Amino acid sequence: MQLLAVGLNHTTAPVSLREQLALGPEQLGDAVHSARQWFGRFTDKGGDEAALLSTCNRTEMYAASTAPNPLDASGHFLAHYHALNYAELRPHLYLLPQDDAVRHAFRVASGLDSMVLGEAQILGQMKDAVRAADEAGGLGTYLHQLFQRSFAVAKEVRSTTEIGAHSVSMAAAAVRLSQRIFDRMADQNVLFIGAGEMIELCATHFAAQNPKSITIANRTMERGEALADKLNGRAIRLADLPEQLAQFDIVISSTASTLPLIGKGLVERAIKARRRRPIFMVDLAVPRDIEPEVASLDDVFLYTVDDLAQVVRTGIESRQAAVAQAEAIIETRVQSFMHWVGDRAVVPVIQEMHESSEALRLAELDRARRMLAKGDDPEAVLEALSRGLAAKFLHGPQQALHRAQGDERARLASLLPQLFRGRR
């Protein structure tokens, strides 16, 4: 049984190609079933395993197969399943056998192979893919063990390194900075000014923290309401901001305005109305939406896009420093898994040895019982039984040694005494 990982990701293929191989959650089961049938064309042993992972940044297949050339078969399967030309697809594929496949799975689960180093979302996506493969009958002994160990490695990497401890995006940095000011996000009212891509990204991050309320203020009410509906929030007009600013504990702004929307005087009045309760403000706009002088006010914590960029740079550096430690953990776990795979490979041999030795034992035992039934001396029967067992157990190795030539005979001559060296 050969382990493998075959696919493409954001480092090997452009989005125009990645989207052609993308699989929706509802397609994974059929793809797993088709992959197993595909492998079945090349072998009559059966038992092939397959699982497919598909995100915006990657589509890849993990498999365990007895096919003669499973890597090549896997690459052709991806091309065939998506109706693509294999010769055009091949330059963008990585084909990873055995320990390379295991290492890749561990790195993916740990966030080391992600576009954003250390991101945690991929682990949930991998678990969903494994669940779909299991429901489709694609998981057997090998892949089940591979993924369980992948999840364990990811947990170990995250708990023992700083790989995911620092913000590496503007949106995540804004959330983390706000948590320095407010202990409980559940008590905070959050205002987003604007309804563009950056605001939507930030709002999604804050919404994940379950704040008390989310409000979108935008010039175009229709667009503001559309975003508010996605976040279970409400929308207000930008013109209503002066009267309502005091309601909000957290304010995030990113518009295309050429002039500041929030001045020092407006924030002063809001602070007074709030009875000195602090306001956390983030200005992601260039030019600025919030007058710089606002930062001088007591009880106001104002951060600009440059402030968040510094937090992000520091976070990236910290995550990079954790990579070596994470890779060391992964390498150790890869070796452990491959040792398990090696043990699995000899299981059939051990079973065959047990069956053969049991047949020999029963034959000699039957002969001994017949001797006892004839009235032979028990001591002589025991002697014959032991000699018969020893002769039959040694017959095979002796014959192999006699038939072997050259280096093979030398290897057997050194190995056989170790195999038959008993405890004294």
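What you see is a predicted model; the values in this text were computed from it and never measured.

Notes on the overall build of the chain
Then comes step 1: For the chain, the helix and strand inventory stands at 15 helices and ten strands.
Then comes step 2: The C-alpha radius of gyration of the chain comes to 33 Å, more than 25% above the 22 Å expected for a compact globule of 424 residues.
Then comes step 3: Here the C-alpha coordinates of the chain stretch approximately 115 × 50 × 40 Å along the principal axes.
Then comes step 4: When burial is assessed residue by residue, the chain has 43% of its 424 residues classed as buried.
Then comes step 5: Across the chain, the fraction of contacts at a sequence separation of at least 24, relative to all contacts at a separation of at least 6, is 69%.
Then comes step 6: Split by element, the accessible area of the chain, about 22,600 Å² in all, is 51% carbon and sulfur.
Then comes step 7: In the chain, which carries 47 positive and 52 negative side-chain charges, the distance between the mean positions of the two groups comes to 4 Å.

Looking at the pattern of salt bridges
Then comes step 1: In this structure the tally under the stated criterion is 19 salt bridges.
Then comes step 2: In this structure, E60 and R58 form a salt bridge, with 3.4 Å as the shortest nitrogen-oxygen distance.
Then comes step 3: Taking the relative accessible area as the measure of exposure, E60 reaches 0% and is therefore buried.
Then comes step 4: You can call R58 buried: its relative accessible area is 3%.

So, the nonpolar core
Then comes step 1: Counting 69 residues, the largest nonpolar core has Y62, M126, F147 and F337 as the members making the most contacts within it.
Then comes step 2: Residue contributions to this core peak at ten residues, all from helix α13 (residues 305–373).
Then comes step 3: Core analysis: the next-biggest nonpolar cluster, separate from the first, contains 27 residues, I214, L227, I250 and L284 among them.

As for the sheet that holds strand β7 (residues 234–237)
Then comes step 1: With parallel pairing, the six strands of this open sheet are ordered in space as β7-β6-β5-β8-β9-β10. Each having just a single partner strand, β7 and β10 (300–304) make up the two edges of the open sheet. Taken over all neighbouring pairs, the strand axes of this sheet differ in orientation by 20° on average, direction set aside.
Then comes step 2: With four bridges joining them, strand β6 (residues 213–218) and β7 adopt parallel strand pairing. Note that in β7 the partner of A217 across the bridge is I236.
Then comes step 3: Helix α8 (residues 170–181) contacts β8 (250–253), β9 (279–283) and β10 of the sheet and is inclined by roughly 160° relative to β9.

Topic: helix α2 (residues 28–40)
Then comes step 1: Between its first and last C-alpha atoms α2 spans 18 Å; for 13 residues at 1.5 Å apiece the expected length is 18 Å, and the two agree.
Then comes step 2: Among the residues of α2, L28, A31, V32, S34, A35, W38 and F39 are the ones counted as buried. Down the axis of α2, the buried side of the element spans an arc of 165°, and every buried residue falls inside it.

Digging into the confidence of the model for the chain
Then comes step 1: Across the chain, the average pLDDT comes to 88, with 96% of residues at 70 or higher.
Then comes step 2: Per-residue pLDDT, averaged within each element of the chain, yields its smallest value for helix α15 (residues 406–419) (79) and its largest for strand β5 (residues 189–193) (96).

Points about the UniProt feature "active site" (unreviewed entry) in the chain
Then comes step 1: Under the local residue numbering, the UniProt record ascribes the feature "active site" (unreviewed entry) to C56.
Then comes step 2: Within the secondary structure layout, C56 lies in the loop between β2 (49–54) and β3 (58–65).

Focus: the packing of helix α6 (residues 121–135) against helix α7 (residues 141–160)
To describe two helices that pack against each other, one gives the angle between their axes and the distance between the axes.
Then comes step 1: Contact pair α6 / α7: the axes reach a minimum separation of 11 Å and the direction vectors enclose 165°. By the angle between their axes, α6 is roughly antiparallel relative to α7. The handedness of the crossing between α6 and α7 comes out as left-handed. For the pair α6 and α7, contact is made by L123, M126, K127 and V130 and by F147, S150, F151 and A154, respectively.
Then comes step 2: Broken down by class, the residue content of the contact of α6 with α7 amounts to six nonpolar, one polar and one charged.

Reading the values: rules and limits
- Residues numbered from 1 in each chain as written.
- Predicted model: local features only at pLDDT ≥ 70, side-chain atom pairs only at ≥ 80, totals over all residues.
- Heavy atoms only, no water.
- Helix = DSSP H or I, 4+ residues; strand = E, 2+ residues; numbered from the N terminus.
- Rg over C-alpha atoms; globule rule 2.2 N^0.38 Å.
- Buried < 20%, exposed > 50% of the residue type's maximum accessible area, 1.4 Å probe, protein only.
- Contact = heavy atoms within 4.5 Å.
- Areas by Shrake-Rupley, 256 points an atom, 1.4 Å probe, with all protein chains shown as cover.
- Lys, Arg positive; Asp, Glu negative; His and termini not counted.
- Charge placed at Lys NZ, Arg CZ, Asp CG, Glu CD.
- Salt bridge = Lys/Arg side-chain N within 4 Å of Asp/Glu carboxyl O.
- Core = buried A, V, L, I, M, F, W, Y, C linked by side-chain atoms within 4.5 Å.
- Pairing = 2+ DSSP bridges.
- Axes fitted to C-alpha atoms, helices over the stretch in contact; angles between N-to-C directions.
- Expected span 1.5 Å × (residues − 1).
- Arc of directions from axis to C-beta.
- pLDDT = per-residue confidence, 0-100.
- UniProt positions renumbered as here; feature names shortened; annotations may be inferred.
- Parallel < 35°, antiparallel > 145°, perpendicular 65-115°, else oblique.
- Left-handed = near helix turned anticlockwise from the far one by under 90°.
- Nonpolar A, V, L, I, M, F, W, Y, C, P; charged D, E, K, R; others polar.

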